[in-house]
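Chains, contacts and geometry: an overview
The residues making up each chain are set out below.
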Amino acid sequence: MKTVLKTEITVKDICDGFIYNELEGKGLFGLSGKLTIQPEYQRNYIYASDGGKREMAVIESILKGYPLGLIYFNTVSDGNFEVLDGQQRITSIGRFVTGKFAIKDENSMEQYFVGMAEDKKARILETKMLIYKCEGKESEIKEWFRTINIAGVPLNDQELLNAVYSGQFVTLGKEEFSNSQNANIQKWGAYIKGSANRQDFLECSLDWVSKGNIGDYMSRHRFDDNINELKRYFNSVIDWVSTVFTDVESEMRGLEWGRLYEEYHKKSYSPAQVSAEVQKLYGDPYVKNRKGIFEYILGGSADTKLLDVRVFDEATKKSVYSTQTAEAETKGESNCPLCAIGHDANKSKVWKLVEMDADHVAAWSKGGTTSSKNCQLLCKTHNRAKGNR
Ligand SMILES: [Zn+2]
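Quick look at the structure, then.

Reading guide: rules and limits
Every chain is numbered on its own, with residues counted from 1 as its sequence reads. The predicted nature of this model means local features are confined to residues of pLDDT at least 70 and side-chain atom pairs, given and counted, to a pLDDT of 80 or more, with totals for whole chains, interfaces and linings taken over all residues. One requirement defines pairing of two strands: DSSP has to find at least two bridges between them. Numbered from the N terminus, helices here are DSSP runs of H or I no shorter than four residues, and strands are runs of E no shorter than two. Two residues qualify as a contact pair if the distance between their C-beta atoms, derived from the backbone, is within 7 Å. To get an axis, a line is fitted to the C-alpha atoms, and for a helix only the part in contact is used. The angle between two axes follows their N-to-C directions and goes from 0 to 180 degrees. The exposure label follows from counting other C-beta atoms within 10 Å of a residue's C-beta, where the C-beta atoms are placed from the backbone and the thresholds are 20 or more for buried and 12 or fewer for exposed, leaving partly exposed in between. As used throughout, a nonpolar core is a set of buried Ala, Val, Leu, Ile, Met, Phe, Trp, Tyr and Cys residues joined through C-beta atoms within 7 Å of each other.

1. Looking at the sheet that holds strand β9 (residues 131–135)
Sheet architecture is open: seven strands sit in the order β1-β9-β5-β6-β4-β3-β2, paired in mixed fashion. Edge positions in the sheet fall to β1 (2–6) and β2 (19–21), since each of these pairs with one other strand and no more. In this sheet, strand β4 (residues 35–36) lies alongside strand β3 (residues 26–30) in antiparallel orientation, the contact comprising two bridges. From the neighbouring strand, Phe-29 faces β4, where its bridge partner is Thr-36. Contacting β2, β3, β5 (71–77) and β6 (80–85), helix α3 (residues 87–97) runs over the sheet at an angle of about 80° to β3.

Okay, here's the thing in structure tokens:
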């Protein structure tokens, strides 16, 4: 079977001559009559059922610039095609442009195509579709069609990009990162989530080297005959993580190692000290977010927000509040100890419980515990000023 990717066909082209048959519930023709939308072996149009949510979603995707996914055409005779895969999406688009249904705008008002602002209309009509034109024997086409439909697993983003930018670069990338027989996969799996054959490792390596611009990177390197830069960068990140953190913890999997590498690889760390700190934080019952431990350490163990340290519970707050307030009232001072030593009108103000926040007397990061002995209530202003420690 021969396939050619077409990227220049627009919604406007597809909708030229679009006809929808209400009786049969099928989109019939498009592309100035050259395209048969729902050939005999296709199921009927189903996107208008359940209140039309799916057909509206197709239009909303276009307006937001989201990818519609690949569409497959089968070449039936010179210049004539039928839709192999994508007939529901194409019929949704054709039905919308010909006024068969409305979408809801930001204010939940119904919007038919004809009543839309000109720029929105243009955005829809000028949207380019990713279309594979296939050519093969009928038996081949049907076999293939059955495979993609029965398998029923839609292409994920990376699989789609691999299809769009297919070529030597993708082939080499898959050899390295998508082969579950590759002995390195197990090592990499300590830091990266997902599976090799669904392209998660390839996606991750591309994400790191491109700083998040995968499609752009793939398009620039599409015709390269090597993946040296991709491999070099990926290995630098992995070597760096595994050198700094000698312990392998399950919470390391799927962290943004590419970003952390960029931010911290020029700083030096003592692996032994890092390891001791990792173990200490793992053993600390007040650390709620263990995934944050690694970035916390890399950043110099300062940003406790990353650890989501357990806060004082309501009962503790209430009991500390009553003791503290009773004591303050006998002295005629504010029940916020920082207001009490101040020089303004709040010096003797008695705050309500809801106006105060609980604070660690000895900071958690300096060994202070989250127990009532280490709890004091401060007015909200003073607690904020003291900062997150
Ligand atoms: Zn205060």
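2. Observations regarding the pairing of strand β10 (residues 356–360)
Where burial is concerned, most of β10 is hidden: four out of the five residues are buried. Pairing between β10 and strand β11 (residues 375–379): five bridges, direction antiparallel. Bridge pairing links His-360 to Cys-375 in β11.

3. Some remarks on the nonpolar core
Counting 27 residues, the largest nonpolar core has Ile-14, Phe-73 and Ile-93 as its most contacted members. Broken down by element, the residue count for this core peaks at four residues, all from α3. If you look at the next biggest cluster of nonpolar residues, it comprises 23 residues, including Tyr-165, Ala-196, Ile-214 and Met-218.

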